[in-house]
Structures are given as C-alpha cells and as structure tokens.
Amino acid sequence: MTRRTLVFAALLAALLVATLASLALGAVKVPVSEVVNVIFGNGHGGPDQKIVESLRLPRTVEALIVGAALGIAGAVLQGALGNPLASPDVIGVTGGAGFGAILIIVLFPGSIALLPLSALLFGLLAAALVFAFAWSGRNRGSATKVVLAGIAMLSLFTAATTGLLAAYPDKAPSAIFFIAGGLTTSGWEDLETVWPYFAAGLIVAAFLIRPLDRLSLGDDVAASLGSRPQAIRLGAGIAAALLTAAAASIAGLLGFLGLVVPHVVRMAGGTSSHAYVVPASAVGGAALLAAADTLARTLRAPVEMPVGPFMVVLGVPLFLWLLRKAV
Amino acid sequence: MAGRQEPPLLEAEGVAVEIGGAQILREAELTVERGELLAIVGPNGAGKSTLVRAVAGVGPLSGGSVRWSGRSLGGIRGRELARVRAFVPQRMPLPAGVDVREAVTIGRSAQLRPLGRLTGADRAAVDGAIERAGVERFAERALTTLSGGELQRVQIAIGLAQEAPVLIADEPTSQLDLGATIGVAGLLRSLAADGLTVIVVVHDLALASAVADRVVVVAGGRTVAAGAPAQVLTPQRLAEVWGAEAHLSEHNGRTALHVAWLPGTSAPPVEADVRAP
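Note that the structure is a prediction, hence the values are computed from the model and not measured.

Colleague: So what's going on with the overall build of chain A? Residues and values would help.
Modeller: Along chain A, the regular secondary structure elements total 13 helices and 0 strands. In sequence order, the secondary structure elements of chain A are arranged as α-α-α-α-α-α-α-α-α-α-α-α-α. Taken over the C-alpha trace, chain A has a radius of gyration of 20 Å; the compact-globule value for 327 residues is 20 Å, and the two agree within 12%. Projected onto its principal axes, the C-alpha coordinates of chain A cover approximately 65 × 60 × 35 Å. Taking as baseline every contact in chain A between residues at least 6 positions apart, the subset at least 24 positions apart corresponds to 76%.

Colleague: Tell me what's going on with the packing of helix H3 (residues 46-81) of chain A against helix H11 (residues 255-269) of chain A, and back it up with residues and numbers.
Modeller: All names here are of chain A. Where H3 meets H11, the axes come as close as 7 Å, and the angle between the chain directions of the two elements is 70 degrees. On the basis of their axis angle, the class for H3 and H11 is roughly perpendicular. Judged by the sense of rotation from one axis to the other, the crossing of H3 with H11 is right-handed. Every residue of H11 that contacts H3 at Gly-67, Leu-70, Gly-71, Ala-73, Gly-74, Ala-75 and Gln-78 is listed here: Leu-257, Gly-258, Leu-259, Val-261 and Pro-262. Residue classes in the contact of H3 with H11 are distributed as 7 nonpolar, 5 polar and no charged.

Colleague: A description of the interface of chain A and chain B should follow, citing residues and the corresponding values.
Modeller: Taken together, the contact pairs 18 residues of chain A with 26 residues of chain B. When contributions to the side of chain A that touches chain B are tallied by element, the ones reaching two or more residues are helix H8 (187-216) and helix H9 (219-224) of chain A.

Colleague: Quick one: what's the story with the pairing of strand E2 (residues 22-32) of chain B, residue by residue and with numbers?
Modeller: Residues and elements named next belong to chain B. Alignment of strand E1 (residues 10-19) against E2, held across 7 bridges, turns out to be antiparallel. Paired with Ile-19 across the two strands is Ala-22, which belongs to E2. Between E1 and E2, which pair antiparallel one after the other, the connecting turn spans 2 residues, and Gly-20 there sits at a positive phi close to 55 degrees.

Colleague: Quick one: what's the story with the sheet that holds strand E4 (residues 63-68) of chain B, residue by residue and with numbers?
Modeller: Taken together, 4 strands build an open sheet; the order of strands is E2-E1-E4-E5 (chain B) and the sheet is antiparallel. Two strands lie at the open edges of the sheet, namely E2 and strand E5 (71-72) of chain B, each paired on one side alone.

Colleague: Summarise unusual backbone geometry; cite the residues concerned and give the values.
Modeller: All names here are of chain B. One non-glycine residue, Glu-171, lies in positive phi territory at about 45 degrees. One can find Glu-171 in the loop between strand E7 (166-170) and helix H6 (178-193). Under the C-beta neighbour-count criterion, Glu-171 is labelled buried, with 21 such atoms within 10 Å.

Colleague: Describe the environment of B:Glu36, listing the residues and the values that go with them.
Modeller: Residue and element names in this part refer to chain B. Within the secondary structure, Glu-36 is located in the loop between E2 and strand E3 (37-41). Accessibility expressed as a C-beta count within 10 Å gives 15 for Glu-36, which makes it partly exposed. Glu-36 sits 153 residues away from Arg-189 along the chain, and the two C-alpha atoms are 9.3 Å apart. For Glu-36, the residues in contact, after removing those within four places along its chain, are Ala-192, Thr-197, Asp-213 and Arg-214.

Colleague: Help me get a handle on the sheet that holds strand E9 (residues 214-219) of chain B, residues and values and all.
Modeller: Residues and elements named next belong to chain B. On the basis of which strands lie adjacent, the open sheet formed by 6 strands has the order E6-E7-E8-E3-E9-E10 and mixed pairing. In the strand order of this sheet, the two ends are held by strand E6 (86-88) and strand E10 (222-227), each with one partner. Across this sheet, the average inter-strand angle for adjacent strands is 15 degrees, counted without regard to direction. Sheet analysis places E3 next to strand E8 (residues 197-201), joined by 4 bridges and oriented parallel. Paired with Leu-37 across the bridge in E8 is Val-198.

Colleague: Lay out the environment of A:Leu115 with the relevant residues and their values.
Modeller: Residue and element names in this part refer to chain A. Relative to the assigned elements, Leu-115 resides in helix H5 (residues 115-134). Residue class for Leu-115 comes out buried when judged on the 22 C-beta atoms lying within 10 Å of it. Leu-115 has contacts with Ala-101, Ile-104 and Ile-105, leaving out every residue within four places of it along the chain.

Colleague: Report on the confidence of the model for chain A, specifying residues and quantitative values.
Modeller: Counting all residues, the mean pLDDT for chain A is 88, and 98% of those residues have values of 70 or more. Looking over chain A, one finds the lowest element-wise mean pLDDT in helix H7 (residues 172-180) of chain A, namely 81, and the highest in H9(A), namely 95.

Colleague: Tell me what's going on with helix H3 (residues 100-108) of chain B, and back it up with residues and numbers.
Modeller: Counting buried positions along H3(B) yields 8 of 9 residues, so the element is predominantly enclosed. Buried within H3(B) are the following residues: B:Val100, B:Arg101, B:Ala103, B:Val104, B:Thr105, B:Ile106, B:Gly107 and B:Arg108.

The rules behind the values
Residues numbered from 1 in each chain as written. Chains lettered and ligands numbered in written order. Predicted model: local features only at pLDDT ≥ 70, side-chain atom pairs only at ≥ 80, totals over all residues. Helix = DSSP H or I, 4+ residues; strand = E, 2+ residues; numbered from the N terminus. Rg over C-alpha atoms; globule rule 2.2 N^0.38 Å. Contact = placed C-beta atoms within 7 Å. Axes fitted to C-alpha atoms, helices over the stretch in contact; angles between N-to-C directions. Parallel < 35°, antiparallel > 145°, perpendicular 65-115°, else oblique. Left-handed = near helix turned anticlockwise from the far one by under 90°. Nonpolar A, V, L, I, M, F, W, Y, C, P; charged D, E, K, R; others polar. Pairing = 2+ DSSP bridges. Buried ≥ 20, exposed ≤ 12 C-beta atoms within 10 Å, placed from the backbone. pLDDT = per-residue confidence, 0-100.

Here it is, written out as structure tokens:
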C-alpha cells in the first residue's frame with residue numbers, strides 16, 4: 001500500500017471515530033451501540049433515540065459538510081493560486097460573510113433568520129469583487145493579483161465589521177459566536193437553504209481536480225495541455241467562494257480549517273497530487289470539525305462553546321508537528 | 001515542391017506580439033514542414049521565446065496569422081490544441097511528492113474527457129513516452145530529486161505523452177551542463193528521425209548547426225533569415241545579429257564556434273568556415 005493510501009485510510013478511520021463520538025457524546029452520553037442502532041433504523045425509541053435523531057444527527061451532518069466544504073475550498077485554492085498561504089480568507093469570502101452576518105445581528109436583530117442568507121450573499125459579493133479586480137487591467141487573473149485583491153477585500157470588510165461592532169458595542173456578545181465559528185442543532189433547516197451552494201461548489205471542485213494537476217506543473221505546461229490557467233484559477237475561486245460562503249452562513253468564520261487541513265494531508269501523504277489532496281482534505285476537514293465540535297459541546301456541558309478555538313487547538317499542534325518534519 | 005495542396009504543418013505570417021505596451025515581435029514568420037528539426041536562434045531579448053509561445057498558443061498573439069495544417073490557431077481549443085502541438089517550457093515548477101510517472105500521466109490527461117479515467121491505451125502511451133524520453137530508470141522518483149538534465153527529459157516525456165505531431169521546446173539546454181546538453185540534443189534529433197517535428201529555441205549556435213535541419217534567426221522582433229545552418233549562420237550574420245567576430249566550423253558532424261572573445265585576436269583561416277554538408 002502506498003503512503004497516501006494509508007493516510008487516506010487513517011483519515012477515514014478518524015472520520016468514523018469523530019462521527020460516532022459526535023453522535024454519542026454531549027450533555028447526555030448515549031452508548032455507541034445505540035447510536036449505531038439509530039443510524040441503521042433499529043433504535044429502541046426513548047430519549048436516547050430522540051437525542052441522537054433530532055439533536056445530534058443534524059448537527060453532526062452539518063459539521064461534516066462544513067468541514068469537508070472548507071477542506072475542499074482550501075485545497076483547490078492553494079492548488080490554483082500556487083500559494084501555500086491561500087485559504088478561503090484570501091479570496092475575501094469570510095470577510096464578506098462576517099460582515100453580512102454582523103449586519104443582521106447588529107442592525108436587524110428581529111430578522112435573525114436572514115443571517116445565513118445575508119452571510120452567503122455578502123460572502124459571494126466579496127469574492128465577486130475580488131475576481132472583478134483581479135481580472136481587470138494588465139496580467140489579468142495572475143495568482144498574485146487574486147491574492148492581493150483578496151487580502152485588500154478582506155481588510156475592507158473586516159474594517160466594516162469592526163466599525164459596526166464598535167458603533168453598537170451592546171450587540172458584540174451575540175456576534176462573538178458567529179465570528180469564532182459555531183454549529184447549532186438547527187442543522188436540517190440550515191442545510192435546506194444552502195445545500196445547492198455546497199452541491200454546486202463540490203461539482204465545480206470535482207471537475208477541477210485534473211486541471212489543477214496540470215496547473216501544478218506550471219502555467220506553460222497547463223497551456224500546452226490545452227487548459228487555460230486563468231480559467232482554472234477562476235473556476236477554483238468560484239468553487240471555493242460557493243463552498244466557503246455556504247459554510248460561513250451556517251457555521252460562522254472557520255476559514256482557518258481551509259488553510260491548515262490541505263497542508264496537513266499533503267505533508268502526511270507526501271504528495272500534492274490533487275486526486276489525493278482534494279478528497280483527503282474533504283475527509284480530514286470533516287473529521288477535524290466533527291471532533292472539535294464534540295469537544296466544544298462536552299468540555300463544559302451543558303454550556304456550548306464556539307467550535308473555532310477547539311478546531312485550532314486540535315489542528316495547530318498536528319500542523320506544526322508535520323511542518324517540522326516537512327522539507 | 002511536391003504536395004502543394006497540403007498546407008505546411010505550421011505557417012505563421014506577420015506575427016506581432018505586444019506585451020504591456022512594448023512591441024516584442026513584429027512581422028515574424030515561421031514555416032515548418034513535417035518531420036524537420038527547426039532551431040530558432042537569436043540574441044537575448046530578440047523575441048525567440050515570444051515567437052514560439054505565440055504560435056503554440058501558450059503566450060499572447062497580438063497580430064498576424066498562425067495556421068496549423070491550414071487551421072487558424074484561434075479556432076483550436078482545449079484538448080484539440082493539446083493534440084496539435086506540445087510545448088515544453090524551459091523549466092517547470094516541481095510540485096512536492098509528484099513522481100515522474102505521475103507527471104507524465106498528467107501530460108496524458110490532455111487526451112481524456114473531463115472526468116474520464118485512464119484507459120489501457122493511455123497507460124501504454126505514458127509508458128511509451130517514458131521509454132522514448134529515456135526516463136524509465138528514474139520513473140518512480142519524485143521530480144524534486146532529479147538533476148537538471150533528468151528534469152528536461154521528463155519535461156519532454158510529458159510533451160510526448162500528448163502524442164502531438166509537433167514538439168516545441170523553449171531553451172531546453174540553456175541550464176544544462178555539456179553532457180546533459182548532448183543527451184537532450186541527441187534525444188530531440190532522434191525524435192525528429194522518428195518523424196516527430198521538433199522546434200527548439202537554442203542559444204548555442206554550434207549546437208543548432210549540428211542538430212537542426214533548418215535554423216531561423218530572430219533579431220529585433222523580426223525573423224531575419226531562415227534556411228540550412230551553413231547558409232544562414234555565416235560570419236557576416238554573426239557579426240550583424242550578435243555583434244560577434246565569429247565563425248562556425250563543421251567537420252564530420254562535429255561543430256565548433258570560433259569566437260574572437262577579446263579584441264586583437266587574429267582572423268581565422270578561411271577554409272575553416274562552415275561548409276554545407
């Protein structure tokens with residue numbers, strides 16, 4: 001078995017463990033055997049089944065989808081921009097989504113149901129502005145231009161968000177949960193609104209796997225092989241924008257996951273081939289977020305803490321350990 | 001010339017390229033026939049690489065006409081373009097952990113449908129390209145562990161996996177030592193002997209005159225001469241284009257460039273001038 005196959009198998013095992021833990025653990029502990037029974041439709045009824053079915057399952061599924069989406073978004077962006085610092089943050093999406101969410105929290109608290117939509121729309125708007133600037137003038141569509149336009153847009157929206165919070169300091173506490181990133185039990189309803197964006201982003205990403213491998217050999221080789229480097233970068237940006245905006249709209253700002261997870265799977269698997277990195281980032285991202293969310297719910301149960309910091313606490317040591325060994 | 005009705009493999013006329021307001025090429029011409037090895041030579045900044053990039057559809061083209069087997073370059077896209085010509089850049093980036101076979105397989109991916117899988121024929125083409133380029137000895141090694149000469153062969157193998165009738169190599173030997181240069185030159189010559197058309201940008205005039213069927217001289221954004229090496233690379237042209245007091249000599253397929261590196265060296269004996277084969 002090759003190293004990448006082993007790592008992928010290990011990631012799948014981690015995903016399984018994290019999923020079962022997420023379903024079993026919480027304020028009330030449900031035995032794993034009962035969790036498995038409920039999943040396969042053989043639950044024994046009672047409160048355990050209800051907890052798993054209506055509280056933990058939607059939340060776990062949401063964690064898995066959001067984690068996978070951010071992992072994929074980071075993987076395609078790092079591949080397309082050829083920049084190790086690329087993450088969903090650098091195309092402005094998280095900045096825009098944060099502003100869209102805080103706008104609702106601060107100015108329209110009565111319409112809090114609109115938060116996911118607002119975050120989604122402002123996230124996509126920020127990405128659209130980044131691409132509009134990066135694809136104009138000389139050297140259009142170059143990786144450097146995308147990254148610089150993205151950082152500028154991120155700063156702009158972050159400043160606007162900070163301005164809003166400074167103007168309405170009393171609303172800041174309710175904004176923290178979104179900014180730090182957090183999942184809720186309203187998983188099914190959230191997903192009902194945003195699943196088409198996840199699906200569209202996923203489909204575009206799947207079609208990008210091979211073009212991204214071509215691009216990894218340079219713009220010239222990609223062009224020799226009949227691909228258009230700028231079109232690949234634009235496609236990757238669109239996929240990442242859709243996935244990240246959808247993720248941010250239901251789980252807040254977790255862009256860090258998209259930065260770290262692809263690096264971790266690349267370093268662990270010893271290859272940057274996208275046929276491995278993209279699916280492995282999806283599995284790794286899902287496992288990491290499900291595990292972090294389980295911690296966030298259980299450490300001080302029944303108090304729920306934002307998942308973002310826990311994800312960082314789990315992910316950063318692994319990242320630094322691998323980085324130390326990387327060439 | 002026979003076969004008048006069959007258009008040349010590549011015919012480029014009046015090629016103009018403007019990059020960022022600077023006119024790099026104007027009125028460049030290039031005609032390539034099947035199975036020949038064509039060397040493109042010229043001073044630094046003359047527009048050699050810009051010309052091959054433009055005709056290959058890899059770099060910008062601002063004016064003029066480029067036809068591949070009679071078809072306009074602008075009308076050829078995607079996988080079809082990959083089957084028309086392969087472009088081998090001077091040096092490609094090296095993604096971490098990707099080995100030679102994977103890289104050559106990426107070269108083959110140009111022939112696949114967007115989500116299509118490799119067929120047995122595709123794998124055979126990858127194996128064939130690896131063998132033909134002489135890289136099977138290190139086919140399972142990571143790109144990042146290879147020497148410059150080995151990498152250049154891998155790049156050629158990636159181009160061969162496209163199975164296009166034309167291979168365009170942009171300065172394939174400019175960063176190689178003597179031995180590796182000989183190896184790559186020999187590989188390109190043998191590919192041409194097998195029927196592949198090869199266009200190569202080179203700086204080394206002795207090398208160009210030894211391996212090329214024809215040379216094209218690019219200077220000041222124009223193609224100023226084309227023909228057999230002996231006819232084109234005359235002492236007068238070396239003086240005009242490169243500002244060098246120099247001449248080429250050829251003996252039994254061995255070539256040398258005799259250069260007056262410093263002022264005051266005596267003139268060469270006339271019989272040493274390059275001779276037509």
